[in-house]
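# Secondary and tertiary structure notes
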Amino acid sequence: RQATASAKALLELECTPGTAFSVRLDEGRQGGRRMVDPTRGAFLHYDIFRDAAASRRWGSGNAEAVSGVAPEGGRVALSAYGLVIIEKASAGAYSD
């Protein structure tokens, strides 16, 4: 069984009220949604989801985008849920 670690982040958008929006997330600088520790060349794999249950991936395709229409006032708050899959990780400073 693989261990995991999770986190939640809030993204805030400022849009013109009534404007359609769509937010897509790419695969990251390392490709394939993985973080690297440059001193060791070690990787940690992660993914980003639209829900806390980690069942709806947030990606770059139309089906994986978060879309809607900006409400009156224009402020849109979106939650992103990250999940790191810890395989044989060593301590380090990982980033993507």
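Rules behind the numbers
Residues take numbers from 1 onward in each chain, read along the sequence in its written order. Residue-level local features of this predicted model are given only where pLDDT is at least 70; pairs of side-chain atoms are given and counted only at 80 or more, and the full residue set underlies all totals for whole chains, interfaces and linings. Note that the side-chain values use all heavy atoms of the structure and ignore hydrogens as well as water. Helix and strand labels come from DSSP, where a helix needs a run of H or I of at least four residues and a strand needs a run of E of at least two; each type is numbered from the N terminus. Only protein chains enter the accessibility calculation, which uses a 1.4 Å probe. A residue is then buried if its area is under 20% of the maximum for its type, exposed if over 50%, and partly exposed in between. For this count, His and the chain ends are skipped, Lys and Arg are scored as positive, and Asp and Glu as negative. Should a side-chain nitrogen of Lys or Arg be within 4 Å of a carboxyl oxygen of Asp or Glu, the pair is scored as a salt bridge. Any pair of nitrogen or oxygen atoms within 3.5 Å is treated as a polar contact; in protein, a donor-acceptor pairing is required on top of that, and neighbouring residues in sequence qualify only through side-chain atoms on both sides. By the convention used here, residues are in contact when the closest approach between their heavy atoms is within 4.5 Å.

### With respect to unusual backbone geometry
The phi dihedral of Arg33 falls on the positive side, at around 50°, and the residue is not glycine. Of note, Arg33 is situated in the loop between strand S2 (20–23) and strand S3 (34–37). We classify Arg33 as buried; its relative accessible area is 1%. Unlike most non-glycine residues, Ala54 shows phi in positive territory, near 55°. Along the polypeptide, Ala54 turns up in the loop between strand S4 (42–49) and strand S5 (66–69). Taking relative accessible area as the criterion, Ala54 reaches 29% and is therefore assigned partly exposed.

### Describing the side chain of Asp51
As for its placement among the helices and strands, Asp51 is situated in the loop between S4 and S5. Buried and unpaired, Asp51 has no salt bridge, with Arg56 as the nearest side chain of opposite charge at 5.5 Å. For Asp51, the side chain forms a polar contact with the main-chain nitrogen of Arg56, separated by 2.9 Å. Dropping the residues within four chain positions of it, Asp51 is found in contact with Arg56 and Tyr81.

Function-wise, these values are silent; they only describe arrangement.
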